[in-house]
Amino acid sequence: MSSVIVRVKQKQIMDLIAKGKRLDGRGLTDYREIKVEQGLIERAEGSARVLLGKTEIMAGTKIEIGKPFSDTPNEGVLTVNAELVPLASPTFEPGPPKEDSIELARVVDRGIRESKALDFKKLCIKPGKKVFVIFVDVYVLNHDGNLIDASALAALAALLNTKMFNYEIEEDEVKIKPGYTPLPVGKHPIAVTFAKINDKLIVDPWLEEEQTMDARLTMTIDDDSNVCAIQKGGSGYFTPKQVLEAAKTAMEKAEENRKKLKW
Amino acid sequence: MPTFFERRQLVTPGDLLAEGTYLAGENTYKENNKIYASRLGLVQYEDKNVNVVALRAFYIPKLGDTVIGTIVEVGFSGWTLDINSPYLAILRASEVLSRPFRPQENDLSKVLDVGDLVIAKIITYDRTHDPRLTVGEPGLGKITRGQIVKMTPTKIPRVIGRKGSMVSMIKQETGCHIILGQNGVILITGKSLEDEQLAMMALRKIECESHTSGLTDRIAQMIKKEKAKQKEEIKNESET
Amino acid sequence: MSQKPEKLIDKKGLRLDGRKPEELRSIKIEVGILPNADGSAYIQQGKNKILAGVFGPRELHPKHLALPDRTVLRCRYHMAPFSVQERKSPAPSRRDIELSKVIREALEPSIFLEYYPRTGIDIFVEILQADGGTRCASITAASLALADAGIPMRDLVVACAAGKADDTIVLDLMDTEDKKGGADVPVALMPNLNAVTLLQMDGILTFEEFEKAVNLALKGCREIYTMQKEALKAKYESVKEVEE
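Residues numbered from 1 in each chain as written. Chains lettered and ligands numbered in written order. Predicted model: local features only at pLDDT ≥ 70, side-chain atom pairs only at ≥ 80, totals over all residues. Heavy atoms only, no water.

Caption draft 1: Summary view of the interface of chain A and chain C. Listed per partner, the contact involves 39 residues of chain A and 31 residues of chain C. Across the interface of chain A and chain C, roughly 3100 Å² is buried in total on both sides, 58% from carbon and sulfur atoms. If you look at where chain A meets chain C, you find 4 salt bridges. Between Glu98(C) and Arg110(A) there is a salt bridge whose closest N-O contact spans 2.6 Å. Taken together, chain A and chain C are joined by 15 residue pairs in polar contact (both at pLDDT 80 or more). Contributions of two or more residues to the side of chain A that touches chain C are made by strand 4 (77-84), helix 2 (99-114), strand 11 (215-221), strand 12 (227-233) and helix 5 (240-258) of chain A. Broken down by element, the side of chain A that touches chain C gets its largest block of residues, 8 residues, from helix 2 of chain A. A breakdown of the residues in the side of chain A that touches chain C according to their chemical character gives 17 nonpolar, 10 polar and 12 charged. Summarising the sheet, strand 12 of chain A and strand 9 (residues 195-205) of chain C pair through 4 bridges and their orientation is antiparallel. Paired with Ala229(A) across the strands is Asp202(C), a residue of strand 9 of chain C. (Contact = heavy atoms within 4.5 Å. Buried area = accessible area lost by both parts, 1.4 Å probe. Salt bridge = Lys/Arg side-chain N within 4 Å of Asp/Glu carboxyl O. Polar contact = N/O pair within 3.5 Å; in protein donor to acceptor, adjacent residues only side chain to side chain. Helix = DSSP H or I, 4+ residues; strand = E, 2+ residues; numbered from the N terminus. Nonpolar A, V, L, I, M, F, W, Y, C, P; charged D, E, K, R; others polar. Pairing = 2+ DSSP bridges.)

If you want it as structure tokens, here you go:
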């Protein structure tokens, strides 16, 4: 198996979409079944597993104490990383991160950061000196399309599940105290991804639809139906009308999908 | 069925050239019954045909074209040539050596070596294979002397001129022999370096001003002026 | 945070650099400035100074990357270490890698990739000085470099950002507005085909604000498109003027 898709199947997908149908029976704006489980990895401060159809993502968080960035001395730090694990697809290769995994991580990161999901000010221990550094590691365990939406959901679910250790400052040193408090997560950004196939927009493309699509568009929407991050991908284009149409649909879909999370 | 530009007007990629039952010619494309330019150039409307004469392009091999190439690699059974194109060309040893050759015994670099210039003809080419060349016709083969000028291949027709008027004028005025490679590489051989330089100057001027009109006359004038200058210089030198 | 200006828009409704909300920065574009590249362009947009060079179509190295049915388009967006306030390491950052990808994908729809199978086209973008909106200016310049190289294209690609400064939707954000503003929406467009080839956003916008920002960015793109075409023609029209 390689990344090559049989042309006959590509044509089938395109013809069906022209009629408003999809190969797996979904409507154009239907998601696959979404399952969210939290807290599976005891060693991690927080973790979650998301199943989006057959796409499977595991996200874990770790917390460390580090230095703040010089331009934001009283804010904590968020670092999102994504691994396209070789066992998840014959097209994923081991080695340093390539552009696809870097883009995935940065789109997930942007959604959390721009929506202000995390209250970074509350993650400050000593302004300019010590802050909490939150690492979110997204692990793709099975690739069946739409990694962005599943990863964004897994990352957020893991953050919601994250326990921050209690501490007190004694003589300039951070002393860890017993007990935990949850991370200050205030907003719940949801990524909604569209694929353009045969000049139509569909949501949540699965792998073979991704191999057929002209272009991809992800819109991340917060709890108040604001747009907070967008990413276009792929070598095709959208019309301005399609972009606005996508924003409207994304707002509806984000609200639906947000219900899969507990907080 | 309107057209949107005047003849020989400069257009850029994406410019809408015509709408309706026109035919999309060179350097244009058709979408939804509209014809757009795909390269920077001068638009031409001829009957129902819409063309753009590109000011900047590169050489795509065509069967039967005469090209001038440089040997860039010597292999066991032939040579690889840079023909000023996205694709490298292949010249097989059997095309050059009339006698049967044995790769073990014949050192091909003794026949043609890296850096040698060759005039050749394209005998096969398609999307899946690099072009193959032959030198087995009169006038083809290794170049031993002369000057080389390179230009965008779309300008070669301009160098030729209407019914060959431009190139024959330059040949006549400079006394040089000129071979035009369809790949935009031109060989000039003259009696003296001065003559060759004169022809090169003319070619450079054509390259820069290919999109202007009245060019043949201006080139002829330029050559005459330069010749006069050269004579003057020779005279001055002999006097001192 | 210490040097944060009070407001990005003053009482008269003008921006920090004196522009009106819907006004572009001053733009200078030149085509064909690198003698060794097959095509090239230089753009100055505000304090942005960016060079784009194109090589190809040419034989692709390494060879195994070549595709049997199309050209492989590659793009490298790179910032000079001296292009920003604090020296930037010349090694590509994650941001550089992402930008290289989205710039490539913004240009890809404009090129007839299927014309030249088994070859590669390389686009190199060097940011000599950055002042906000480098990805957009890079796309505008790179598209010109492709046209200058004689690569057949559907249309030129032009890019421009709109965003939010304080509560106003503004065009063509400069560095401070980008960093301190409420949102940034970079858009790339093939104007004659009305095709959006790049769209990104960060910040927070309501649907109405988003719609306004996209439309403003598209308007900016069309304005720059005119300059882009003039720059491309200028290279050849200068010759004409001398003669006549």
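Caption draft 2: Molecular detail of the environment of Ala183(C). Residues and elements named next belong to chain C. Within the secondary structure, Ala183 sits in strand 8 (residues 183-190). Placed 174 residues apart in sequence, Ala183 and Ile9 show a C-alpha to C-alpha distance of 15 Å. Contact partners of Ala183, with chain neighbours within four places excluded, come to Gly163, Lys164, Leu173, Asp202, Gly203, Ile204 and Leu205.

Caption draft 3: Representation of the interface of chain B and chain C in the model. At the interface, 32 residues of chain B touch 35 residues of chain C. Both sides of the chain B and chain C interface together cover about 2900 Å² of buried area, and 53% of this is carbon and sulfur. Joining chain B to chain C, the criterion identifies 3 salt bridges. Lys229(C) is the salt-bridge partner of Asp15(B), the closest N and O atoms lying 2.4 Å from each other. Summed over the shared surface of chain B and chain C, the result is 15 residue pairs in polar contact (both at pLDDT 80 or more). For the side of chain B that touches chain C, the elements supplying multiple residues, two or more each, are strand 4 (28-31), strand 5 (34-37), strand 12 (129-134) and helix 4 (193-209) of chain B. The leading source of residues in the side of chain B that touches chain C is helix 4 of chain B, at 3 residues. Among the residues making up the side of chain B that touches chain C, the classes are represented as 15 nonpolar, 7 polar and 10 charged.

Caption draft 4: Here's a closer look at a negative patch on the surface. Residues and elements named next belong to chain B. A cluster of acidic residues, Glu194, Glu232, Glu233, Glu237 and Glu239, forms a negative patch at the surface. The element that contributes the greatest number of residues to the negative patch is helix 5 (residues 215-239), accounting for 4 residues. Take Glu233: it is sitting in helix 5. (Patch = residues over 30% accessible without salt bridge, like charges linked within 9 Å, V, L, I, M, F, W, Y side chains within 5 Å. Areas by Shrake-Rupley, 256 points an atom, 1.4 Å probe, with all protein chains shown as cover. Lys, Arg positive; Asp, Glu negative; His and termini not counted. Charge placed at Lys NZ, Arg CZ, Asp CG, Glu CD.)

Caption draft 5: Representation of the sheet that holds strand 12 of chain A in the model. Taken in spatial order, the 8 strands make up an open sheet running 10(A)-9(A)-11(A)-12(A)-9(C)-8(C)-6(C)-7(C), and their pairing is antiparallel. With one partner strand each, in any of the chains shown, strand 10 (200-203) of chain A together with strand 7 (168-171) of chain C form the two edges of the open sheet. Averaged over neighbouring strand pairs, the angle between their axes works out to 20° when direction is ignored. Strand direction decides the pairing type here: strand 11 of chain A and strand 12 of chain A, joined by 6 bridges, are antiparallel. Following the sheet pairing, Thr218(A) is matched in strand 12 of chain A by Gln231(A). Each of strand 9 (190-197), strand 10, strand 11 and strand 12 of chain A together with strand 9 of chain C touches helix 5 of chain A; the most contacted strand, strand 9 of chain A, lies at about 140° to it. Its contacts with the sheet place helix 2 (residues 134-148) of chain C against strand 6 (158-165), strand 8 and strand 9 of chain C, and it is angled at close to 165° to strand 6 of chain C. (Axes fitted to C-alpha atoms, helices over the stretch in contact; angles between N-to-C directions.)

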